[in-house]
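Residue-level structural notes
Residue strings, one per chain:
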Amino acid sequence: MNRSSQPPVPRVTRSAGGRLTEPAERLDSVPGPYGKQRRKQTDSALAQDLSQMSMSGQDTLNNSPSASAVKSSSRGGLASVARLVKLGRCKNVVVVAGAGVSTASGIPDFRTPGTGLYANLEKYNIPYPEAIFNIDYFSNDPQPFFSLAKALYPGSHHPNYIHYFIRMLHHKGLLLRVYTQNIDGLEKLCGIPDDKLVEAHGSFATAACHLCYTAYPAEEAKQAIMNDKVPICTFCAATVKPDIVFFGEDLPQKYFLNTQDFPKADLLIIMGTSLQIEPFASLVNTVRSTVPRLLLNRNAVGPFEKVPLRRADHMELGDLEETVRRFAEMLGWNDDIEELMRSQETLSLPTLISSPLSVDQTSCQSRGAPAGTETSRSRAGGQRGASSGSEETDSETDSKSSASSSQST
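Residues numbered from 1 in each chain as written. Predicted model: local features only at pLDDT ≥ 70, side-chain atom pairs only at ≥ 80, totals over all residues. Heavy atoms only, no water.

**Looking at the side chain of Asn160**
Within the secondary structure, Asn160 is located in the loop between α6 (143–152) and α7 (161–171). According to the relative accessible area criterion, Asn160 is buried, its value standing at 5%. (Helix = DSSP H or I, 4+ residues; strand = E, 2+ residues; numbered from the N terminus. Buried < 20%, exposed > 50% of the residue type's maximum accessible area, 1.4 Å probe, protein only.)

**Description of the pattern of salt bridges**
Within this structure, the stated rule accounts for 13 salt bridges. Across the pair Asp261 and Arg177 runs a salt bridge, and its minimum N-O distance is 2.8 Å. Of this pair, Asp261 sits in helix α10 (residues 258–264) while Arg177 sits in strand β2 (residues 175–180), and the two are 84 residues apart along the sequence. Both residues of the pair, Asp261 and Arg177, count as buried. In this structure, Arg326 engages Glu316 in a salt bridge whose closest nitrogen and oxygen atoms are separated by 3.2 Å. Of this pair, Arg326 sits in helix α11 (residues 320–331) while Glu316 sits in strand β9 (residues 313–317); the two residues are 10 residues apart in sequence, bridging distant segments of the chain. Overall, the relative accessible area of 30% leaves Arg326 in the partly exposed class. (Salt bridge = Lys/Arg side-chain N within 4 Å of Asp/Glu carboxyl O.)

**Focus: the sheet that holds strand β5 (residues 215–216)**
Taken together, three strands build an open sheet; the order of strands is β5-β4-β6 and the sheet is antiparallel. With one partner strand each, in any of the chains shown, β5 and β6 (240–244) form the two edges of the open sheet. In the sheet, strand β4 (residues 202–209) pairs with β5 via two bridges, with the strands oriented antiparallel. In the strand pairing of β5, Ala207 is matched with Tyr216. In this fold α6 packs onto β4 and β6, with an angle of close to 50 degrees to the strand it touches most, β6. Of the strands in this sheet, β4, β5 and β6 are in contact with helix α9 (residues 218–226), which crosses β4 at around 90 degrees. (Pairing = 2+ DSSP bridges. Contact = heavy atoms within 4.5 Å. Axes fitted to C-alpha atoms, helices over the stretch in contact; angles between N-to-C directions.)

Have a look at this one:
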């Protein structure tokens, strides 16, 4: 495919240094994406609701920047955000998801010391851990990545409670978009439709030549990799790889939906991510300053490491699946989610067994870095569409669970 036919898009490259540090507070004084001046909404109903909520631990935060003080600020955070949702204040929820979302499914993240994939790459004899996802290193020696890819390919893992919580946000009509760093495809498998999903770092669902971008049958690429062979492009004889964005590549076109979504969001939920590498990390700073940001994570990251927290910021630290379950119980959604999980697993189990990469081969080319990494690369033809199977499953599951999910949000 000719790259020159691709519509012009902004080119966002990964920063090797610090984050892109434009704070959210400054966004209120600059023109918005449509040229209109944004203004602070301190008198909005949402801000009034936030001002009435308990700011547990705030006095402690003002007196001490210790880790325990930061953690104490999370108390009441789930209840405060749950109250906003139940009051109908949050109708355009954006979710930012990282590798921690999938660890409950048995997929290790990349950065956890000792257990993360980056901590177990010595056997591949690479100069530094991230090199395994560096496009230049891949061009010279693809075998280390293919060796790791055998362990990363989808098919043996199932979506967990956290994925279905995000799906329930969609079912309740509240999900504007979910931006995931993960390449495991579990968001699609749990039934989140493609138009609600931005796989910012792509997936194994499609494959193409890394040099000329000619599409290659994903199942053939998988079979070659699983048999320790290198898939070769039939057009230019270069190496084929799954459509995953490596370091040194541009982010896919669909990623740029963020310029529309984040200014529109009225709640941002950040979960299971280290927010360490640009440009993905700075997305959380592009919502309006009055918009609640809820961090559900093992550790404070990004802007949530600052003391004191921004007034509209909340966080809950600890085991992510347990935290999300408590959040769902506060919202009255737990029974609905469990029923959704049962019905969805029944529908998708045969597909998982027979065809782990069961997505339409004509779907959009999306390339993304592995969960926990941010990289960049645009592909000709843009983002491929969702599998028809995911959309059918979404419709069937919603109709089956409508009775059990009639509780008002």
